[in-house]
Every structure is written in structure tokens, then in C-alpha cells.
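# Understanding the architecture of this molecule
Below are the chains, spelled out letter by letter.
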Amino acid sequence: MAQKQTPSGPSQRQQRVAELIRHALAEVLQRGDIQDPVLGSHVVTVPEVRMSPDLKLATAYVMPLGGQDEAPVIAALERHKKILRQEVARRVNLKYAPDLRFRRDETFDEAARIDQLLRSEKVQRDLESAPGADDEAEPDSPSRD
């Protein structure tokens, strides 16, 4: 018997629906359709949305511009989850409107951590003491045809 393989990542449909929901959320937040002092005073970016396999749960990763006041912004989004779900359902034509979950986007922190590692003394010292990659390639040597 053939064994059923589990997919290693989200399906194309999950990715397409997630992108539609991301655009809808970004549009609602940009237009200021939600009357909330916290959301009104912050520009919120939605860099990524991930969908569950059954498309009934959308996890939106959000970050206020500049990374300031993350907790109050996420709390405000959670308070207005019902309105946001209605607005997303109006903009995205799906059989079921997905439940929304909001999480802090940590990709900026990870990028900063990697940048800090690359700029560390140890890496710089290794780069300086490594044999030059230019010595291996000989661009001026004639080709044998």
C-alpha cells in the first residue's frame, strides 16, 4: 500500500486565501474604518497571514510602524476582531469567514539578530583571515575551445 505523504508547507490555496485576507485587513486598517483611539494613532502593517488547512482560522502577524506600543495595538485588534472579521468577509468571497487571530510579527527582530551576528567581531575576523575567493577564479585565463 502507498503511504499518504503529508505536505511540508501550506498549500497554494492556503497561500492565495491568506494573501487575499492580508490585503483586506491592510485596507480596513489603512482606511480607518474602525473607530479606536489606539488604532487611529498607529499605522499598522500586516506583513503576513497564515491560514489553517481548513481555511477557518487566519493568523495575522501585525506590527505597528516603528515597533512602538505593540501590546496595546494587538489588544485593540483583538477587541475589534468581530468587526474586522465582518469587513474581511465582505471583501473576500469565501464560503466561511475565517476567525481572526492577531500575533506580533517577529521577523523584524530575527532580521536584526542576524544582522547583529554578521557584524560581530568574530565574523569580521573570520572574513578577514579567510583565503580570498578571488584567487580561486581566474577570469583572465584563456578558455580552451
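Residues numbered from 1 in each chain as written. Predicted model: local features only at pLDDT ≥ 70, side-chain atom pairs only at ≥ 80, totals over all residues. Heavy atoms only, no water.

If you look the chain up in an unreviewed UniProt entry, it shows as Ribosome-binding factor A from Methylorubrum aminovorans. UniProt annotates the chain under Function (unreviewed entry) with the comment "One of several proteins that assist in the late maturation steps of the functional core of the 30S ribosomal subunit. Associates with free 30S ribosomal subunits (but not with 30S subunits that are part of 70S ribosomes or polysomes). Required for efficient processing of 16S rRNA. May interact with the 5'-terminal helix region of 16S rRNA." (UniProt positions renumbered as here; feature names shortened; annotations may be inferred.)

## Let's talk about the packing of helix H1 (residues 12–31) against helix H4 (residues 81–91)
The axes of two packed helices give the description: the angle between them and the distance between them. Axis separation between H1 and H4 bottoms out at 9 Å; the angle between their running directions is 120 degrees. Classified by the angle their axes make, H1 and H4 are oblique. Judged by the sense of rotation from one axis to the other, the crossing of H1 with H4 is right-handed. Facing H1, whose interface residues are Ile21, Ala24, Leu25, Glu27, Val28, Leu29 and Arg31, H4 presents Leu84, Glu87, Val88 and Arg91. When the residues that make up the contact of H1 with H4 are grouped by side-chain class, the tally is seven nonpolar, no polar and four charged. (Axes fitted to C-alpha atoms, helices over the stretch in contact; angles between N-to-C directions. Helix = DSSP H or I, 4+ residues; strand = E, 2+ residues; numbered from the N terminus. Parallel < 35°, antiparallel > 145°, perpendicular 65-115°, else oblique. Left-handed = near helix turned anticlockwise from the far one by under 90°. Contact = heavy atoms within 4.5 Å. Nonpolar A, V, L, I, M, F, W, Y, C, P; charged D, E, K, R; others polar.)

## Some remarks on H1
Helix length check: H1, at 20 residues, gives a terminal C-alpha distance of 29 Å against a target of 28 Å (1.5 Å per residue), a fit within 8%. Listing the buried residues of H1 in full gives Gln14, Val17, Ala18, Ile21, Ala24, Leu25, Val28 and Leu29. The arc that holds every buried residue of H1, seen down its axis, measures 130 degrees, which confines them to one face. Across H1 from its buried face, at more than 90 degrees, point the exposed residues Gln12, Gln30 and Arg31. Contacts from the buried residues of H1 go to strand S1 (44–51), strand S2 (57–64), helix H3 (70–79), H4 and strand S3 (99–104). Of the residues one or two after H1, Gly32 is the one with positive phi, at around 75 degrees. (Expected span 1.5 Å × (residues − 1). Buried < 20%, exposed > 50% of the residue type's maximum accessible area, 1.4 Å probe, protein only. Arc of directions from axis to C-beta.)

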